[in-house]
Amino acid sequence: GTIVSFHQMSNNPGLDDSGPELNHGYDYDLLVIGGGSGGLSCSKEAVKYIKKVGVLDFVMPSPQGTSWGLGGTCVNVGCIPKKLMHQASLLGKLIKDSTEYGWDVPTEPKHDWNKMVDAVQDYIHSLNFGYRVQLRDKTVQYINAYAKFIDPHTIIATDRKGTETKLSARRFVICTGGRPKYPEIPGAKEYCISSDDIFSLSKPPGKTLVVGASYVALECAGFLVGLGYDTTVMVRSILLRGFDQQMSEMIGEYMKNHGTKFIRPATPTEITKLDSGKLLVKYFREDDKLIHSEEYDTVLFAIGRDPETHKIGLETTGVKLASNGKILINNEQTSVPHIYAIGDVTQNPGGELTPVAIQAGRYLAKRLFGKQPNLYMDYTNVPTTVFTPLEYGACGLSEEQAIQKYGESNIEVYHSNFKPLEWTVSHGEDNACYAKLICLIPEREKVLGFHFLGPNAGEVTQGFALGIKLGATKLDFDSTIGIHPTVAEEITGMDKTKRSGESPLKTGC
């Protein structure tokens, strides 16, 4: 589509999408393009109110030939396998820690990569099957074909045999997601893998280089180290761009202390395959301005994702894109009134997160078809967690964002280091865990940002996210009684501020 600035859209009341809901002459009332989390939730909700709903889903193989079933990135090559492999690595550490608790673990525990991959893939395949059954039970037509627009109401669907079918619809929802980026350097696509491939890798990765500083990069490096693989992360500049930078650096420091190697700042320049089968990586280091080289068994790129918008014929529809290729939306509506978009493919402020796509899809269907015209997705204060070896949960603004928006003099940051009780017997670090609340002084210290680095950060953050959604103040947090002994209780009694200069290091109970 056309690349334009369309930022005003978020304030528009919406384009007129009125017209015949029945007897409109199209094949479908709604066609959903993309069978990921957002597409499935939208189609299953929509079919409660309208008759003819179809979902088109087709996975183009990765450069290394990996493809998968219905369900999208999260289920097949994202959150689900990532969390399971993260769990596998945490279990390895718990086995070692258990000796301090009196368990007799006779030998150094060994990990079987293939057994883990088979178990993870078996679970994913059961989910793929479950999604197909759900669509059938709800009378949503599942079409395993690649959709490409030829005009604003018509697509061509091409199946794996190359058979083309023309389909038309009154409305469309585009939720095609994104795919991992590769750099434009020799050997990258030929020899390297991405998150599309790592979770079904048929042989152990061996000595691995992870290129990137995204949460995908750090999560993959983290579980690989935990599973016993020699792993290095090559970082161009900062860790976890867009996240709170103090928290990001603390994650990097913890990972470094627990076996992850870092090369930063550096960028790869060329990858060649040697006769031994190993990959020779040449890279440029910013500090000495020299080209270095090192051999690895596996190179994984996690340098971001590109939206799947360039091969689906959007130029025939008039749908406008941002400069990064994402679809510009106003309350999920594109610049074409009857075409909507949700999830990672859109320029939404809620981030590339599965629950964001699921909620946006469900709300959109209720709004369009379920007689709930005022049900709009709220993209602010979306909680998230990075599943690095020490997990990081966040909700709301980073410290940098809060200062930029409100000014440093209006921001109070309460913070505390802490040590989980479970770490005491196994001699874990005293102050690796950390939490902070970023508060707005003129509004009764309303909490603008919640940040938590510690075990089970996802579970902790999910609970406190409700408070932030409801506009909780620091006093609300202080008047909440903590559950003892937990890591979450640290949030309810923080009395040290950054402004005071007092140490946030924790001593005693």
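Here, the structure is the one placed above.
Since this is a predicted model, take the numbers as computed values, not measurements.

With respect to the overall build of the chain
- The helix and strand inventory of the chain stands at 13 helices and 22 strands.
- Relative to the compact-globule value of 23 Å for 509 residues, the chain shows a C-alpha radius of gyration of 24 Å, a close match.
- C-alpha atoms of the chain, sized along the principal axes, occupy 70 × 65 × 50 Å.
- The 509 residues of the chain split such that 50% are buried.
- Counted over contacts in the chain with a minimum sequence separation of 6, partners at least 24 positions apart contribute 65%.

Things to note about the pattern of salt bridges
- If you walk through the whole model with that rule in mind, you get 27 salt bridges.
- Across the pair Asp297 and Lys278 runs a salt bridge whose closest N-O atoms are separated by 2.7 Å. With a gap of 19 residues between them, Asp297 in the loop between strand E14 (291-296) and strand E15 (298-301) and Lys278 in the loop between strand E12 (266-273) and strand E13 (279-285) connect regions that are remote in the sequence.
- The exposure class assigned to Lys278 is partly exposed, which follows from its relative accessible area of 30%.
- Across the pair Asp495 and Lys496 runs a salt bridge whose closest N-O atoms are separated by 3.8 Å.
- Among the charged side chains, a network of salt bridges with common partners joins Asp17, Glu21, Arg170 and Arg171.

Brief notes about the side chain of Ser41
- Checked against the element boundaries, Ser41 lands in helix H1 (residues 37-46).
- Judged by its relative accessible area of 9%, Ser41 falls in the buried class.
- Contacts of Ser41, omitting those with residues within four sequence positions, involve Ala357, Ile358, Gly361 and Arg362.

Here we look at the packing of aromatic side chains
- The final tally for this structure, using the stated rule, is 10 aromatic pairs.
- Judged by centre distance (6.1 Å) and plane angle (40 degrees), the ring pair of Phe199 and Phe223 falls under tilted. In this pair, Phe199 is assigned in the loop between helix H6 (195-198) and strand E9 (208-211) and Phe223 in helix H7 (residues 215-226), connecting sequence segments 24 residues apart.
- Members of the aromatic cluster, connected to one another through ring pairs, are Phe450, Phe464 and Phe477.
- The ring of Tyr296 carries the charged tip of Lys207 above its face, separated from the ring centre by 5.0 Å.
- Lying across the ring of Tyr414, Lys474 places its NZ or CZ 4.3 Å from the centre.

A look at the nonpolar core
- Formed by 116 residues in total, the largest nonpolar core has its most connected members in Leu56, Trp113 and Phe450.
- The element best represented in this core is helix H4 (residues 113-137), accounting for 8 residues.
- In contact with Phe450, other than residues within four places in its own chain, are Gly393, Ala394, Cys395, Lys436, Leu437, Val460, Thr461, Phe464, Ile468, Phe477 and Ile491.
- Formed by 16 residues, the second largest nonpolar core is a distinct cluster that contains Tyr182, Val211, Leu279 and Phe301.

As for the packing of H1 against H4
- Direction vectors running N to C along H1 and H4 enclose 20 degrees, while the axes themselves pass 10 Å from each other. As judged from the angle between their axes, H1 and H4 are roughly parallel. In this structure, the crossing between H1 and H4 has a hand that is left-handed. Contacts between H1 and H4 involve Leu40, Ser43 and Lys44 on the former and, on the latter, Tyr131, Gln134 and Leu135.

Quick word on unusual backbone geometry
- The residue after Arg264, namely Pro265, is reached through a cis peptide bond having omega -5 degrees.
- One can find Pro265 in the loop between strand E11 (261-263) and E12.
- For Arg444, which is not glycine, the phi torsion reads 55 degrees and is therefore positive.
- Arg444 gets classed as exposed once you look at its relative accessible area, which sits at 63%.
- At Asn456, a residue that is not glycine, the phi angle is positive and equals roughly 55 degrees.

Structural notes on H4
- The end-to-end C-alpha distance of H4 is 36 Å, a good match for the 36 Å that 25 residues give at a rise of 1.5 Å each.
- Where H4 is buried, its residues contact H1, helix H2 (72-77), helix H3 (79-98), strand E3 (141-143), H6 and H7.
- For H4, the side-chain oxygen to backbone nitrogen distance between the N-cap and Asn114 is 3.1 Å, and the N-cap itself is Asp112.
- Positive phi shows up at Thr139, right after H4, with a value of about 60 degrees.

Focus on the packing of H3 against H4
- Viewed as axis vectors pointing N to C, H3 and H4 meet at an angle of 145 degrees, and their least axial separation amounts to 10 Å. For the pair H3 and H4, the sense of crossing is right-handed. Facing Ile80, Pro81, Leu84, Met85 and Ala88 of H3, the residues of H4 in contact are Trp113, Met116, Val117, Val120, Tyr123, Ile124 and Leu127.
- Its residues assigned to classes, the contact of H3 with H4 comprises 12 nonpolar, no polar and no charged.

Concerning the sheet that holds E15
- Pairing is parallel in the open sheet, where 5 strands are placed in the order E8-E15-E9-E10-E11. Looking at the sheet topology across the chains shown, the edges are occupied by strand E8 (193-194) and E11.
- Taken strand by strand, H7 contacts E9, strand E10 (231-234) and E11, and its axis lies near 165 degrees from that of E10.

A few points about the sheet that holds E13
- As summarised here, the arrangement of the 3 strands in space is E12-E13-E14, forming an open sheet in which the pairing is antiparallel. Unpaired on one side and paired on the other, E12 and E14 mark the two borders of the sheet. Neighbour to neighbour, the strand axes of the sheet diverge by 25 degrees on average, direction disregarded.
- Two strands pair when backbone bridges link them, and E13 and E14 are joined in this way by 6 bridges, in the antiparallel orientation. Looking across to E14, one finds that Leu279 is bridged to Tyr296.

About the criteria used
- Residues numbered from 1 in each chain as written.
- Predicted model: local features only at pLDDT ≥ 70, side-chain atom pairs only at ≥ 80, totals over all residues.
- Heavy atoms only, no water.
- Helix = DSSP H or I, 4+ residues; strand = E, 2+ residues; numbered from the N terminus.
- Rg over C-alpha atoms; globule rule 2.2 N^0.38 Å.
- Buried < 20%, exposed > 50% of the residue type's maximum accessible area, 1.4 Å probe, protein only.
- Contact = heavy atoms within 4.5 Å.
- Salt bridge = Lys/Arg side-chain N within 4 Å of Asp/Glu carboxyl O.
- Phe/Tyr/Trp six-rings, centres within 6.5 Å; stacked < 30°, edge-to-face > 60°.
- Lys NZ or Arg CZ within 6 Å of the ring centre and 35° of its normal.
- Core = buried A, V, L, I, M, F, W, Y, C linked by side-chain atoms within 4.5 Å.
- Axes fitted to C-alpha atoms, helices over the stretch in contact; angles between N-to-C directions.
- Parallel < 35°, antiparallel > 145°, perpendicular 65-115°, else oblique.
- Left-handed = near helix turned anticlockwise from the far one by under 90°.
- Expected span 1.5 Å × (residues − 1).
- Polar contact = N/O pair within 3.5 Å; in protein donor to acceptor, adjacent residues only side chain to side chain.
- Nonpolar A, V, L, I, M, F, W, Y, C, P; charged D, E, K, R; others polar.
- Pairing = 2+ DSSP bridges.

No statement about biological role is implied by the geometric values presented.
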